[in-house]
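Below, each chain spelled out in residue letters.
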Amino acid sequence: MNQLSTVRGLLTRNLRQSGIFIAFALIIVLFTVLTGGQLLVPQNISNMVVQNSYILILAIGMVVIIIAGHIDLSVGSVVAATGAIAGVLMVQQNVPWPLAVLITLIVGGLIGAWQGYWVAYFGIPAFIVTLAGMLIFRAVTLIVLGNQGIGPFPGPVRTLSNGFLPGFMGNIGLGPLGGADIFTLLVAVLAVAAIVFTQWRSRTGRQKYGQAVDAMPLFLTKMILAGGLLLAIAVQLARFKNLPYVLILLAVLVMGYSTLAGKTVFGRHVYAIGGNIHAASLSGIKVKPVTFWIFVNMGVLSALAGIIFAGRLNQAGPTAGNGFELDAIAAAFIGGAAVQGGVGRIVGALTGGLIIAVINSGMSLIGSPSERVQLVKGLVLLAAVAFDIWTKRRAASGKGGKGPKTAPPANYLGLPVPPEMLTGSDPGKPAPTTTATATTPT
């Protein structure tokens, strides 16, 4: 009976962790069938990456905000405002584009610092602060642009948004698939090898500390499926115009932020704050500075998305960024972030953004009207959050498999847990102590 509970718990845990990837695969299969295979042609895959790159960038920053238990409704307006500022600097003021990009990123960071101050140090809820920011920075956009577009942007900025790597090593024949760029295929093989190595290293590390890991057949199945999907996408990109520059930028961001979230003290602090802000504060975490800096980070990523979006359109417009905040939030929640905070992954948010991209592209290919696209995206978001809540309730009720009871942990996410949290004593009073009294002979 105990073994059955263990197996059931393993399946439940893997369903919760891998459900988003299973859903992603099913959605791809569905739209591939509905579009007669047009979804997965090389040009369409490349277009999905390029056309949704700015949403994916915003989703990376948004999931960090949500993990900490906050929300940011202003990112669409910040995208518009920073894109407008970049347009004024590059087009009207003739500032060299590298310096203009740097100034725009700094402005984005200052916008994030402005909002982070009110949330972290003044105590206003992030929902209210960023709702005000949505209105303020949309007004700033209209003031800067004067209700008209600015363009064209310099060639390097347009190349970053729409360009592709040149072929460095020539092409190789793939039989009926035609020619494919060797360099792109090599990069894909190295990426798969790196993923397998890091996952294997993580698995052995967990085993070393006696933590539960996937059975070897399940682990190998995951690696084969993930590696096969990545190689299939790379082959299609190699057959079209090689790797898009924005895909390389996204890969760097995903690796950097995954390391930040999972391997650094700052990342552990973000998770701890979202999990239980009072426990995090009692553990010695400086909650206010961490909250402040995650909003600064969101501002910088919004500025980066603003530059890429303006470069893609070759124009900074007053309506840029409309609805971007909703897509970024949806991507984070579809990717497995918890509504109450403390749970979420960078890769999950990226996968959620790609699900939105597949829905947009697939429904466009089958000729669905925009209102039907919005309907489907809303239902997918609702289903993702409902699934997350269902799995948590199932685990809490013990249906996901019960293990042996263990003593309370002495640390949480690598941080010491105060004794009063384990004993339930009042933190304002000293813990009771037992002392031995010596008897003096009379």
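For the structure, check the block above.
In this report, we go over the structure that sits alongside the text. Keep in mind that this is a model prediction, so the values were computed, not measured.

Details of the overall build of the chain
Consideration 1: From N to C terminus, the chain includes 17 helices and four strands.
Consideration 2: Looking at the chain as a whole, 43% of its 442 residues qualify as buried.
Consideration 3: Carbon and sulfur atoms form 67% of the exposed surface of the chain, whose accessible area is close to 23000 Å².

Describing the nonpolar core
The nonpolar side chains of a soluble globular protein tend to be buried, and buried together.
Consideration 1: Grouped together as the largest cluster of nonpolar side chains are 76 residues, with contacts concentrated most on I57, L58, I60, V63, I346 and V358.
Consideration 2: Counting residues per element, this core draws most heavily on helix α3 (residues 53-67), which supplies 13 residues.
Consideration 3: Apart from the residues within four sequence positions on either side, L58 is in contact with V75, V79, M298, L301, S302, A305, F324 and A328.
Consideration 4: Counting 16 residues, the second largest nonpolar core, distinct from the first, contains A84, M90, A100 and A310.

Focus: a positive patch on the surface
Consideration 1: On the surface, R201, R206, K263 and R268 cluster together to form a positively charged patch.
Consideration 2: For K263, the location among the structural elements is in helix α10 (residues 245-263).
Consideration 3: The exposure class of K263 is exposed, given its relative accessible area of 67%.

Focus on the pattern of salt bridges
Consideration 1: What the rule picks out here adds up to one salt bridge.
Consideration 2: A salt bridge links K377 to D327; the shortest N-O distance between them is 3.5 Å. Pair noted here: K377 is in helix α16 (residues 370-396) and D327 is in helix α14 (residues 324-334), with a separation of 50 residues, a long-range link. Both residues of the pair, K377 and D327, count as buried.

A short note on the side chain of D72
Consideration 1: Of note, D72 is situated in the loop between α3 and α4 (75-92).
Consideration 2: Look at D72: it is buried, it has no salt bridge, and the nearest opposite charge is R138 at 12 Å.
Consideration 3: Separated by 2.7 Å, the side chains of D72 and S74 make a polar contact.
Consideration 4: Excluding anything up to four places from it in sequence, D72 contacts M62, I65, Q115, T130, F295, M298, E325 and I329.

A short note on the packing of aromatic side chains
Consideration 1: Per the counting criterion, the structure on display carries 10 aromatic pairs.
Consideration 2: Arranged with centres 5.2 Å apart and planes meeting at 15 degrees, the rings of Y54 and F324 form a pair that is stacked. Here Y54 is found in helix α3, whereas its partner F324 is found in helix α14, with 270 residues between them in sequence. The exposure classification of Y54 matches that of F324, with both residues buried.
Consideration 3: Between Y117 and W118 the ring centres are 5.4 Å apart and the planes differ by 70 degrees, which places this aromatic pair in the edge-to-face class.
Consideration 4: With relative accessibility at 24%, the residue W118 sits in the partly exposed group.

Re the environment of F240
Consideration 1: Mapped onto the elements, F240 comes out in helix α9 (residues 216-240).
Consideration 2: Assessed through its relative accessible area of 27%, F240 is described here as partly exposed.
Consideration 3: Taking the C-alpha atoms as reference points, F240 and I45, separated by 195 residues in sequence, lie 9.3 Å from one another.

Re a nonpolar patch on the surface
Consideration 1: On the surface, L30, L34, L365 and I366 cluster together into a nonpolar patch covering about 350 Å² of accessible area.
Consideration 2: Here L34 is to be found in helix α1 (residues 2-34).
Consideration 3: For L34, a relative accessible area of 49% gives the class partly exposed.

Observations concerning the packing of α3 against helix α13 (residues 287-313)
Consideration 1: Running from N to C, α3 and α13 cross one another at 175 degrees; their axes reach a closest spacing of 9 Å. The angle between the axes of α3 and α13 places the two elements in the roughly antiparallel class. Judged by residue contacts, S53, Y54, I57, L58, I60, G61, M62, V64 and I65 of α3 engage I294, F295, N297, M298, L301, S302, L304, A305, I308, F309 and R312 from α13.
Consideration 2: Here the residues of the contact of α3 with α13 are counted per class, giving 15 nonpolar, four polar and one charged.

As for unusual backbone geometry
Consideration 1: For N94, which is not glycine, the phi torsion reads 55 degrees and is therefore positive.
Consideration 2: Considering the arrangement of structural elements, one finds N94 in the loop between α4 and α5 (97-120).
Consideration 3: In this structure N94 comes out as exposed when scored by relative accessible area, which is 61%.
Consideration 4: One non-glycine residue with positive phi stands out, namely N314, at about 60 degrees.
Consideration 5: Considering the arrangement of structural elements, one finds N314 in the loop between α13 and α14.

Some details on the packing of α4 against helix α6 (residues 126-145)
Consideration 1: Two numbers describe how α4 lies on α6: the axes approach to 8 Å, and their chain directions differ by 25 degrees. Viewed along their axes, α4 and α6 adopt a mutual orientation that is roughly parallel. As for how α4 packs across α6, the hand of that crossing is left-handed. From α4, G76, S77, V78, A80, A81, A84, I85 and V88 reach across to α6, where they touch G133, M134, F137, R138, V140, T141, V144 and L145.
Consideration 2: Taken together, the residues that form the contact of α4 with α6 break down as 11 nonpolar, four polar and one charged.

About the criteria used
Residues numbered from 1 in each chain as written. Predicted model: local features only at pLDDT ≥ 70, side-chain atom pairs only at ≥ 80, totals over all residues. Heavy atoms only, no water. Helix = DSSP H or I, 4+ residues; strand = E, 2+ residues; numbered from the N terminus. Buried < 20%, exposed > 50% of the residue type's maximum accessible area, 1.4 Å probe, protein only. Areas by Shrake-Rupley, 256 points an atom, 1.4 Å probe, with all protein chains shown as cover. Core = buried A, V, L, I, M, F, W, Y, C linked by side-chain atoms within 4.5 Å. Contact = heavy atoms within 4.5 Å. Patch = residues over 30% accessible without salt bridge, like charges linked within 9 Å, V, L, I, M, F, W, Y side chains within 5 Å. Salt bridge = Lys/Arg side-chain N within 4 Å of Asp/Glu carboxyl O. Lys, Arg positive; Asp, Glu negative; His and termini not counted. Charge placed at Lys NZ, Arg CZ, Asp CG, Glu CD. Polar contact = N/O pair within 3.5 Å; in protein donor to acceptor, adjacent residues only side chain to side chain. Phe/Tyr/Trp six-rings, centres within 6.5 Å; stacked < 30°, edge-to-face > 60°. Axes fitted to C-alpha atoms, helices over the stretch in contact; angles between N-to-C directions. Parallel < 35°, antiparallel > 145°, perpendicular 65-115°, else oblique. Nonpolar A, V, L, I, M, F, W, Y, C, P; charged D, E, K, R; others polar. Left-handed = near helix turned anticlockwise from the far one by under 90°.

On their own, these measurements won't tell you what the molecule is for.
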